[in-house]
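Residues per chain, in single letters:
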Amino acid sequence: MFFFIGSSRTGSTWLGQALAKHPNIKLPVKKPVRFWNLKVFGLRDEKSSHPTLSLEAYKDLFRDEPGILKGDITDGYNTLGLQEVLAIRKHHPDAKILQMMRRPSHIVYSHFSLSRSLSEITVEDVRKQVGHPGGYQYHNIRQMHVRDIWSTVFGPENFHLTFYEDFFADPGAGYRDICKFLEVEAFELDPSFLTKRVNKRKHDEDPKDEVRAEIAHFCDPLDREFEDFHRTFTAEKQPAADAASGAIRSDSHDAAWAGVLYQGFLRHGRSRPFMKL
């Protein structure tokens with residue numbers, strides 16, 4: 001089994017459609033099921049494609065089938081914390097994890113423009129969604145912490161990272177790399193699909209200057225972090241980059257575990273009981 005845990009607006013819709021075309025890959029649930037957000041941890045999500053799915057039914061959908069690899073592509077999983085990811089591993093210990101990163105400010109602009117004109121966005125909208133810890137985009141654009149958790153919990157050998165801009169510069173090659181990671185035969189997509197834009201933003205108007213400045217205020221530090229990480233990752237390549245930057249910051253996997261557990265404690269404190277699934 002595999003999970004896609006990238007942020008929203010990082011190519012999950014295109015990738016889901018592409019993987020669904022592979023004869024040896026099956027996506028049993030329609031995107032976005034957000035099962036682990038909704039049903040198990042009580043995080044309500046009205047956009048879930050399967051809001052009444054039980055844990056038993058979910059596990060049954062993902063039972064092994066000869067010659068078939070099943071996957072759950074849900075952009076909402078990037079908002080889960082350490083406790084939730086550990087609980088998921090209990091049920092799917094051998095899962096492979098896919099993450100696609102994108103420049104944080106680009107995610108924000110893309111997300112806003114999906115539903116309305118950027119010219120209609122207010123400074124208050126940005127502060128509520130991007131600047132406040134209760135806002136969805138506040139968590140959606142913090143991609144490094146997501147990688148830290150998932151790559152350490154499931155192991156760097158079961159984690160594949162790619163970058164939105166690099167992937168869609170040559171989606172055919174990116175798709176083949178993912179197939180190789182998932183250990184399925186290479187499958188050539190139709191050339192017309194490679195250039196297909198899916199779930200594209202509906203509005204292209206420019207935002208007000210004060211809105212652009214507010215987005216920059218919150219996103220510039222994250223953009224710089226993203227650029228530094230992307231530069232290091234690209235130079236050293238996976239898996240060497242795992243030892244130099246990001247989740248695995250030393251040769252010891254135990255040291256990585258200690259760091260992630262500590263960050264998980266700082267993030268969640270004692271506000272929730274440890275999950276027992």
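Anything mentioned here points back to the structure above.
Notes on the structure follow.

With that out of the way, let us pick up the pairing of strand β3 (residues 69-73). Within β3, 5 of the 5 residues are buried, which leaves it mostly tucked inside the rest of the structure. Residues L69, G71 and I73 line one face of β3 and the alternating positions K70 and D72 line the opposite face, and both faces are buried. Summarising the sheet, strand β1 (residues 2-4) and β3 pair through 3 bridges and their orientation is parallel. Among the inter-strand pairings, F3 is bridged to a residue of β3, identified as D72. One ladder, built from 2 bridges, connects strand β2 (residues 25-26) with β3; its direction is parallel. In the strand pairing of β3, K26 is matched with K70.

Attention now moves to the layout of surface pockets. Considered as a void within the structure, the second largest pocket measures approximately 450 Å³ in volume. L161, T162, D177, F233 and K237 are the residues nearest the centre of the second largest pocket, which is lined by 19 residues in total. Those elements that place two or more of their residues in the lining of the second largest pocket are β5 (159-163), α9 (164-169), α10 (171-182) and α12 (209-236). By residue class, the composition of the lining of the second largest pocket is 9 nonpolar, 5 polar and 5 charged.

Looking now at the pairing of strand β4 (residues 96-101). Most of β4 sits inside the fold, with 6 of its 6 residues counted as buried. Side chains of β4 alternate between two faces, with K96, L98 and M100 and I97, Q99 and M101 buried alike. Sheet topology note: the β1/β4 ladder contains 3 bridges and is parallel. Each bridged residue has a counterpart across the sheet, and for F4 the counterpart in β4 is L98. The pairing of β4 with β5 spans 5 bridges and is classified as parallel. Paired with M101 across the two strands is F163, which belongs to β5.

Our focus in this paragraph is the nonpolar core. Residues F3, Y58, Y77 and W150 are the most contacted members of the largest nonpolar core, which totals 31 residues. For this core, the secondary-structure elements that each account for two or more residues are α2 (35-40), α4 (82-91), β4, α8 (143-154), β5 and α12. It is α8 that provides the largest number of residues to this core, a total of 6 residues. Other than its neighbours up to four places away in sequence, W150 contacts I5, Y77, L80, V85, I88, I97, G155 and F159. Judged by nonpolar contacts, the second largest core, of 21 residues, contains F2, I25, L69 and L98.

This model, assessed by the stated rule, comprises 16 aromatic pairs. Seen from their ring centres, F3 and W150 are 6.3 Å apart, and the 55° between their planes marks the pair as tilted. Of the two residues, F3 is situated in strand β1 and W150 in helix α8; the sequence distance between them amounts to 147 residues. Of the residues examined, F3 reaches a relative accessible area of 0% and is grouped as buried. Note on W14 and F168: the rings are 5.4 Å apart at their centroids and 85° apart in plane angle, and the pair reads as edge-to-face. With a gap of 154 residues between them, W14 in helix α1 (residues 12-20) and F168 in helix α9 connect regions that are remote in the sequence.

About the criteria used
- Residues numbered from 1 in each chain as written.
- Predicted model: local features only at pLDDT ≥ 70, side-chain atom pairs only at ≥ 80, totals over all residues.
- Heavy atoms only, no water.
- Buried < 20%, exposed > 50% of the residue type's maximum accessible area, 1.4 Å probe, protein only.
- Helix = DSSP H or I, 4+ residues; strand = E, 2+ residues; numbered from the N terminus.
- Pairing = 2+ DSSP bridges.
- 1 Å grid on protein atoms, 1.4 Å probe; cavity = no way out; pocket = protein on both sides within 12 Å on 5 of 7 lines; lining within 4 Å.
- Points joined across faces, edges and corners; volume = space filled by probe spheres on them.
- Nonpolar A, V, L, I, M, F, W, Y, C, P; charged D, E, K, R; others polar.
- Core = buried A, V, L, I, M, F, W, Y, C linked by side-chain atoms within 4.5 Å.
- Contact = heavy atoms within 4.5 Å.
- Phe/Tyr/Trp six-rings, centres within 6.5 Å; stacked < 30°, edge-to-face > 60°.

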